[in-house]
Amino acid sequence: MSVIPCLVDRWSEENNNIILTWKQNERGLEPNQHVRKRCWSESLKLLQKIRGIPAATERLELEMTVSYNTFLFSLNFCNASEIEESLTNSLSRALEACGSQVSCSDPVQLWEAVLQTLGSSVYVPCVHKLLLIQWMLWLMQCQSERVLTLLMQTNHKREHSAPVNLQTETRNLALSTEEDSSLKVAMAAKDLKDLLHICTVMCEGVEQMKMERYSEALEAFQEAQGLPSPRSLLGQIHTLTGQSFAKLGQPHCALHFYRKAVEVDGACLSALYQSALVFRQLGNPKAEIEALHLLYSAVQLQSDKSSSIASLVSPAVLFGGAQMTFISRVPSPSRILHTLAHTCVFNGSISDGVEYYLDLLASLQSDGKDLILTGDGTSFPRIPVVYLEAGFALLKAKRYCDALVVCEEVITSTLDFIPERLLLDADEKLKGADSDVVLENVDLVLWAGAAHLLQAQAHWKLKDTKEAITNFTRAINQLVKVFIKQKDWKQKHFGNTEAMIERMVTVEAAKGQALAGRGLCFLEGGQLKEALRDLNLSLQMTPGCKNTEMWLTEVLWRLDRREEASAHWREVHSTEDAPKKLPLYLQLWPDDTAFDLSDLKKKMEGYIQAK
């Protein structure tokens, strides 16, 4: 009979040595992941040895403590179902040791039996440690109803008048978190309970957000703010609170909590990202750019840091993949850099935007991404679009030769993929793969045409009118490859997709710009008939463009068609340019397209007054 106490002492010492190794590692003496795996392996072997003999009350406290430690270590190396299966084994053996048999596979019923059998025994602290493991596993799997049932079984002190919900149960839960100093644990039960409590409340808030019940979500997050938590978790709570306020139409309250999140946790990237979104909503590009810049810098710093040190049970593990993605949504570094570059250029910070675009192109090239075939289905734009935007930014920055080089990349990369002709039928309803193929072909034509268009503008700025005309012509020749049978296609549900209509409007706009650009070159060279033809065609593509109308007025005046010129002049000054949603690389700035019209103005005003 003396063998059993000897085994208990030996196994207790073995458990304590494993935990001592882990605690030394937690203080940063060794790389985390290597030590954690070793502790898990040794703890699992110890548990297997204990389970190798029949369960007995004299070893029950030891077995449940070793089980608790093993389950904690196993979080990074086993899935939740494997841990739960082992937990069920531990609970069954506990009942067996007390002479009770339960032949059911339902964990809720099993826990009911365990709590009834052991709920008032000396083993309560150990039972509650395993209950925390069950709570953790169900929280990881988003099984909140099961967590509620489990806590209701445990919480005998619950007030009957209190509403039955998860927040109330976690708030009023009374667990025994006493520790036996002779048996060490990897994580104190009280610390795990506190972490589970705050993460459960946060998950409830997130679920309310997903159901668009933002006021209820705010109540959960405000409760979570009053609970003990690590700084990183408090930062996420403030961020979620801010998001709820943003959804309730209170952007300034949202910004207040995003600021609190960053103050609490400087590495709270989601708060910086959400701040940028709110600043965009408020129409504050300067603040948006600053937030994006801070976000990109923080992402780079975070990626440079070693990720070897991690807590035994992290909130990221408890929330699970889907919940964690919702809580800490932050785009990829490339996406952030693109948004930063795009926002800078769109709002006139051209030099900064150019540098960001060049950094982005260098990053894409170092990743070895194919210029045409890379389309991962995410919100990141297709890479040719990024190149075109970069070319446009360089053009705005008066770096014309660099713009030519970047656009040439698009031209050479699309060359082998562009169809000879693309005849589209607005009445034909395309589905699935067929629609995707057509859209891809339209995109290829558009990218190549836009690249030639930007090159033409660069040559025009370089005073090389001949080369500019050549490239405007190449752009036109590319873009006219897309032909629609119906003239009234804009009134039809083209291919039954908004995407196709958007593409065709963009193609038409690019054609209009190319024709107008070539017409302007002809006007400068005195080729008035050719200029008249191109400017009229341009207005057919993009009606109501004021600059094109003004150039056309100048051509008509020079052709001595004074009445027509006068009519155009009046029309230009009686209408406003209709806003068009176009890609960045097709945006027109007044200084890019302005022609010296002061002389025309004098002539037209004098002619109209003379009449």
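Before reading on, note that the structure itself is shown above.
Overview of the structure. (Residues numbered from 1 in each chain as written. Predicted model: local features only at pLDDT ≥ 70, side-chain atom pairs only at ≥ 80, totals over all residues. Heavy atoms only, no water.)

## Regarding unusual backbone geometry
Formally: Numbering of helices and strands runs from the N terminus; a helix is a DSSP stretch of H or I covering at least four residues, while a strand is a stretch of E covering at least two. Relative accessibility decides the category of a residue: with a 1.4 Å probe and only protein chains considered, values under 20% of the type maximum give buried, values over 50% give exposed, and everything between is partly exposed.
Unlike most non-glycine residues, C142 shows phi in positive territory, near 60°. Tracing the backbone shows C142 in the loop between α6 (124-140) and α7 (144-154). Overall, the relative accessible area of 43% leaves C142 in the partly exposed class. Unlike most non-glycine residues, D560 shows phi in positive territory, near 65°. Take D560: it is sitting in the loop between α24 (546-558) and α25 (562-574). Given the relative accessible area of 55%, D560 is considered exposed.

## Quick notes on the pattern of salt bridges
Rules: What counts as a salt bridge is simple: a side-chain nitrogen of Lys or Arg found within 4 Å of a carboxyl oxygen of Asp or Glu.
One pass over the structure, following the stated rule, counts 19 salt bridges. For the salt bridge of D194 with K190, the shortest nitrogen-to-oxygen distance reads 2.9 Å. On the criterion of helical spacing, the pair formed by D194 and K190 is a turn pair, its members being 4 residues apart in helix α9 (residues 189-210). Take K190: its relative accessible area is 47%, and that puts it in the partly exposed class. It is possible to trace a salt-bridge network through shared partners that takes in E554, R558, D599 and K603.

## Section: the packing of helix α5 (residues 107-118) against α6
Keep this limit in mind: To get an axis, a line is fitted to the C-alpha atoms, and for a helix only the part in contact is used. The angle between two axes follows their N-to-C directions and goes from 0 to 180 degrees. Note on terminology: angles under 35 degrees are roughly parallel, angles over 145 are roughly antiparallel, angles of 65 to 115 are roughly perpendicular, and the others are oblique. Here is the rule for handedness: rotate from the far helix to the near one, and if that takes an anticlockwise turn smaller than a right angle the crossing is left-handed, while a clockwise turn gives right-handed. Two residues qualify as a contact provided that any one of their heavy atoms is within 4.5 Å of a heavy atom in the partner residue.
Close contact between α5 and α6 brings their axes to 11 Å; oriented N to C, the two are set at 165°. Comparing their axes, α6 and α5 come out roughly antiparallel. In terms of crossing hand, the pair formed by α5 and α6 is left-handed. Within the contact between the two elements, α5 uses P107, V108, W111, V114, L115 and L118 and α6 uses V124, V127, L130, L131, Q134 and W138.

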